[in-house]
Amino acid sequence: MPIDMAVVPVAGRGTRLLPMTKSQPKEMLPVGRKPVVQYVVEELSRCGLGRLLFVTGPGKTAIENHFDIDLELITNLRETGREELLEELAFERQDLEYFYTRQRRQLGLGHAVLCAKPVVGREPFVVALGDSIIGINAESKVVRVMVEQFESSGADVVIAFEQVPRDEVVHYGIAKPRQKADIFDLDDLIEKPDVAEAPSTLAVAARYVFSPLIFDYLEKTEPGKGGEIQLTDAIRAMIHEGHKALGVCLPAGERRFDIGNFESYFQSFTEFALADPDYGPALQEFLVDWLAKHGTNRAEKYR
Ligand code: UTP
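Residues numbered from 1 in each chain as written. Predicted model: local features only at pLDDT ≥ 70, side-chain atom pairs only at ≥ 80, totals over all residues. Heavy atoms only, no water.

Novice: How would you summarise the overall build of the protein if you had to cite specific residues and measurements?
Specialist: For the protein, the count of helices and strands is 11 helices and 13 strands. For the C-alpha atoms alone, the extent of the protein along its principal axes is close to 60 × 50 × 35 Å. Residue burial in the protein is summarised as follows: out of 303 residues, 48% are buried. For the protein, long-range pairs separated by at least 24 residues make up 76% of all intrachain contacts whose partners lie at least 6 apart in sequence. When the accessible surface of the protein is split by element, carbon and sulfur atoms take 51% of a total near 15,700 Å². Of the charged side chains in the protein, 35 are positive and 47 negative; the average position of the first set lies 5 Å away from that of the second. (Helix = DSSP H or I, 4+ residues; strand = E, 2+ residues; numbered from the N terminus. Buried < 20%, exposed > 50% of the residue type's maximum accessible area, 1.4 Å probe, protein only. Contact = heavy atoms within 4.5 Å. Areas by Shrake-Rupley, 256 points an atom, 1.4 Å probe, with all protein chains shown as cover. Lys, Arg positive; Asp, Glu negative; His and termini not counted. Charge placed at Lys NZ, Arg CZ, Asp CG, Glu CD.)

Now the structure itself:
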């Protein structure tokens, strides 16, 4: 049976984005015109996934509300002659089934994935982090490629990777690839290695395909720093016990937009706003003028 289920963990606290995330989910932050998680859902739908399971937690009901069909709003737009805005709600009518489960304690990404087990059962599935967009406007088809590789190779894990500058490997899970290729056998994953010890500059990029074996490994994974169960630890244990893992590189021109920290969030918002067909050109003009007038060290003034 082809893979049809995607798990979207959205239960994290988003502490790196406080105070913005005190009472709103980071997955609902706007990037350009849409909230992050809407891009994730649209990407998964385009890649052929039909069932989406959100792993939610405290303060995340805005996500569930966002994907409901809002008949009152639709009627209001019709009655007030603003039919053109109905197009903005077309995503509500995507042919998808939504499921929700709770991570009752925020014990890390690995634990969030394990919370999906009673719903997913013993079938393979995709994991797509709810705070990361792949490709500008989420146009990436990398998940489709990953699913095809999973189905044809007999691997138990397929992971998306993106090239990062060497001095940034310290922030990511980094691949130890067996071959230098766009699709490669993954010999190991090194979490946040020192620059000198990094086996490559390929960083984990927020998308995975797993066989249900991952649940067995997550159940055996000891909590690490902060009592969290790390997904990377379970993946490493699988690889070390001889299970096949593949890496798939994001195609040239595609990258992961990580909405987990301010630097990356500000950059992502700016890039998406610049790419907006209606407002991008004027924003670009504004930025060019602004920089010419004020120079590039404006932030210094406010330090
Ligand atoms: P992060 O690793 O960025 O963790 O989550 P976080 O807890 O949300 O953020 P900080 O570190 O406090 O700022 C990556 C993805 O995994 C989910 C998050 O919601 C996010 O989409 N996640 C993380 C969970 O679902 N549960 C967790 O316990 C941790």
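Novice: I'd like a description of the pairing of strand β9 (residues 173-177), backed by residues and values.
Specialist: Both β9 and strand β10 (residues 183-191) contribute to a ladder of five bridges, which runs antiparallel. Pairing of G173 across the sheet is with E191, part of β10. What sits between β9 and β10 in their antiparallel hairpin is a turn of five residues. (Pairing = 2+ DSSP bridges.)

Novice: I'd like a rundown of the pattern of salt bridges, residues and numbers included.
Specialist: In a structure, side chains of opposite charge can pair up when their charged atoms sit close to one another. Inspection of the entire model under this criterion finds 15 salt bridges. For K117, the salt bridge identified is with E219, shortest N-O distance 2.8 Å. You can see K117 sitting in helix α5 (residues 117-120) and its partner E219 sitting in helix α7 (residues 213-220), a full 102 residues away along the chain. A relative accessible area of 45% means that E219 is categorised as partly exposed. Here D187 makes a salt bridge to R178, at a shortest N to O gap of 2.8 Å. (Salt bridge = Lys/Arg side-chain N within 4 Å of Asp/Glu carboxyl O.)

Novice: Can you lay out the pairing of strand β8 (residues 157-163) for me, pointing to particular residues and giving the numbers?
Specialist: A large share of β8 lies buried, amounting to six of its seven residues. Where β8 and strand β12 (residues 245-249) come together, five bridges link them in parallel fashion. By the bridge assignment, A160 is partnered in β12 with V248.

Novice: Give me the site of the ligand: which residues, what numbers.
Specialist: The local shell around the ligand holds 18 residues, among which G12, T15, R16, E27 and Q103 are the closest. Separating an oxygen atom of the ligand from a backbone N or O atom of G108 is a distance of 2.8 Å. Look at the ligand: alone it shows 570 Å² of surface, and the protein chains cover 83% of it. Across the shell around the ligand, the residue classes break down as six nonpolar, seven polar and five charged. (Near = heavy atom within 4 Å. Polar contact = N/O pair within 3.5 Å; in protein donor to acceptor, adjacent residues only side chain to side chain. Nonpolar A, V, L, I, M, F, W, Y, C, P; charged D, E, K, R; others polar.)

Novice: Just give me the short version of the packing of helix α9 (residues 262-274) against helix α10 (residues 280-294), but keep the residues and values in it.
Specialist: Here α9 crosses α10 at 120°, and the two axes come no closer than 7 Å. By the angle between their axes, α9 is oblique relative to α10. From α9, T270, A273 and L274 reach across to α10, where they touch G280, L283, Q284 and L287. Partitioning the contact of α9 with α10 into residue classes produces four nonpolar, three polar and no charged. (Axes fitted to C-alpha atoms, helices over the stretch in contact; angles between N-to-C directions. Parallel < 35°, antiparallel > 145°, perpendicular 65-115°, else oblique.)

Novice: Give a description of unusual backbone geometry that names residues and reports values.
Specialist: Note that the residue after L18, namely P19, is joined by a cis bond; omega there is 5°. As for its placement among the helices and strands, P19 is situated in the loop between β1 (5-9) and β2 (30-31). Phi angles above zero are rare outside glycine, and A138 is one such case at about 60°. Among the structural elements, A138 can be located in the loop between β7 (132-134) and α6 (142-153). A relative accessible area of 1% places A138 in the buried class. Phi is positive for K192, which is not a glycine, with a value near 45°. Judged by relative accessible area, K192 falls into the partly exposed class, the value being 47%.

Novice: Provide a residue-level description of the packing of aromatic side chains, including the pertinent values.
Specialist: Scanning all chains against the criterion turns up 13 aromatic pairs. Relative to F91, the ring of F67 has its centre 6.0 Å away and its plane inclined at 90°; by these criteria the two rings are edge-to-face. In this pair, F67 is assigned in the loop between α2 (61-66) and α3 (71-79) and F91 in the loop between α3 and β5 (97-102), connecting sequence segments 24 residues apart. Judged on exposure class, the residue F67 and its partner F91 are both buried. Here F161 and F184 contribute two aromatic rings whose centre-to-centre distance is 5.6 Å and whose plane-to-plane angle is 40°, an arrangement assigned as tilted. (Phe/Tyr/Trp six-rings, centres within 6.5 Å; stacked < 30°, edge-to-face > 60°.)

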